[in-house]
Amino acid sequence: MPTRSSDAAPFLEEATFPVLRSLTFPGSVELTQVIVELFRRSRCSMQELTFTDCDDRQLGYILREVPSLQRLTCYSKLDTTDVNEVFSLLAHTTDDGDPLTFLPRLEHMELHISSADEVPWPLLVEIIQPPVSRIPLRRPLQSVKINISSVSPYSVRYQPPEAYIGDLDRLLDVRRSGFNIELKVLPDGERPAYDVLQAMLDPEGWQHVTEKWVVRNRMSTRMVYDSTESDD
């Protein structure tokens, strides 16, 4: 059920859809509360929610209302505030082991993030591979896709902070174990998009895109570039 504009608000303020399972939300601020009230009134088991646009006041607020959600897709570029809120909610568990309350049935998540610097890598690792003590609380998460916009329109280099190299290694191990995870860099120029983890597995094959890759040892890989090297 696509929701295209605020023109639908009067109708949606009265409507009830108890069998509603999928919704595409355009991110109109004036529709946020209308949609939330629609969910509450309908008591529907929402399974799939797609955001074509949103801001930091909407995403977490709406997601709290759909605990039955299985697929989340957000095409809007999220900044630090948005990403940290959603990831913190997904990674949160209580000390006494209470059941998960935020999207406990989530199976697939696809997000678009404005730059690599916005990704809270430790939280992403914890969401996908929670500590052993939290395994009983694990979601049925099967796939995660993160699309990362290039930091600069003139470069497709990807350089994760040194402190997060270990987190990337853990995500690479998760990928090797069969979990469906993509961390895809989307360049603004003519060069092709590439998957960070795939490039870590085959640094020589992706060197023409990622500039220079340096393997520290067999267990850890990092990506660096020579700032004096031209894109030509």
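These numbers were taken from a predicted model, which means no experiment stands behind them.

**Student:** Sorry, what's going on with helix H6 (residues 165-176) here?
**Tutor:** Every α-helical turn comprises 3.6 residues, leaving residues that sit three or four positions apart pointing alike. Here H6 is 12 residues long and its end C-alpha atoms lie 17 Å apart, about the 16 Å a rise of 1.5 Å per residue gives. Taken residue by residue, H6 has Ile165, Asp167, Leu168, Asp169, Leu171, Leu172 and Val174 as its buried positions. In the segment just after H6, Gly178 is the residue with positive phi, at about 110°.

**Student:** Looking at this model, I keep getting lost on the sheet that holds strand S1 (residues 22-25). Mind explaining?
**Tutor:** In sheet architecture, strand pairing relies on hydrogen bonds along the backbone and comes in two forms, parallel and antiparallel. Read across the open sheet, the 7 strands follow the order S1-S2-S3-S4-S5-S6-S7; overall the sheet is mixed. Sheet topology places S1 and strand S7 (194-195) at the edges, where each strand pairs with a single neighbour. Where strand S4 (residues 108-113) and strand S5 (residues 143-149) come together, 6 bridges link them in parallel fashion. Counterpart to His112 in the pairing with S5 is Asn147. Relative to the sheet, helix H2 (residues 29-42) contacts S1 and strand S2 (48-51), its axis offset from that of S1 by approximately 170°. Across the sheet, helix H4 (residues 80-91) is in contact with strand S3 (71-78), S4 and S5; its angle to S4 comes to roughly 155°.

**Student:** What is the right way to look at the confidence of the model for the protein chain in this model?
**Tutor:** In low-pLDDT regions, the fine details of the predicted coordinates are not to be read closely. Across the protein chain, pLDDT averages 76, with 69% of residues at or above 70. In the predicted structure, residues 212-232 sits below a pLDDT of 50 and forms 47 contacts with residues beyond four places in sequence or in another chain.

**Student:** Mind showing me how you'd approach helix H5 (residues 121-128) here?
**Tutor:** If you check which residues of H5 are buried, you get Trp121, Leu124, Val125, Ile127 and Ile128. Burial along H5 is one-sided: seen end-on, the buried residues are contained in an arc of 160°. The inward-facing, buried residues of H5 contact H4, S5, H6 and strand S6 (180-186).

**Student:** Any chance you could explain the environment of Phe17 here in plain terms?
**Tutor:** Within the fold, Phe17 resides in the loop between helix H1 (9-12) and S1. Taking the C-alpha atoms as reference points, Phe17 and Ser42, separated by 25 residues in sequence, lie 5.1 Å from one another.

**Student:** What should I look at first to understand the packing of aromatic side chains in this one?
**Tutor:** Two descriptors summarise a pair of aromatic rings, namely the distance from one centre to the other and the angle between the planes of the rings. Summed over the entire model, instances satisfying the criterion amount to 2 aromatic pairs. Each ring, one from Phe25 and one from Phe51, has its centre 5.8 Å from the other, and the planes form 90°; the classification is edge-to-face. Of this pair, Phe25 sits in strand S1 while Phe51 sits in strand S2, placing them 26 residues apart in sequence. Of the residues examined, Phe25 reaches a relative accessible area of 1% and is grouped as buried.

Reading guide: rules and limits
Sequence order sets the numbering: in each chain, residues are counted from 1 along the sequence as written. Local features in a predicted model are, by the rule used here, given only for residues with pLDDT of at least 70; side-chain atom pairs are given and counted only at 80 or more, and totals for whole chains, interfaces and linings are based on all residues. To obtain the side-chain values, all non-hydrogen atoms of the structure were included, while hydrogens and water were left out. Labels follow the DSSP assignment, with helices taken as runs of H or I lasting at least four residues and strands as runs of E lasting at least two, numbered in each case from the N terminus. In this scheme, a helix's expected span is set at 1.5 Å multiplied by one less than its residue total. Exposure categories follow from relative accessible area, calculated using a 1.4 Å probe and restricted to protein chains: below 20% of the type maximum is buried, above 50% is exposed, and the middle band is partly exposed. For two strands to be treated as a pair, DSSP must find at least two bridges joining them. Residues count as neighbours in contact if any of their non-hydrogen atoms are within 4.5 Å of one another. Fitted lines through C-alpha atoms give the axes, limited to the stretch in contact for helices. The angle between two N-to-C directions lies from 0 to 180 degrees. Per residue, pLDDT measures the predictor's confidence, with a range of 0 to 100. This arc is built from the directions going out from the helix axis to the C-beta atoms. We call Phe, Tyr and Trp rings a pair once their centres come within 6.5 Å, taking the six-membered ring for Trp, and we label the pair stacked below 30 degrees between planes, edge-to-face above 60, and tilted otherwise.

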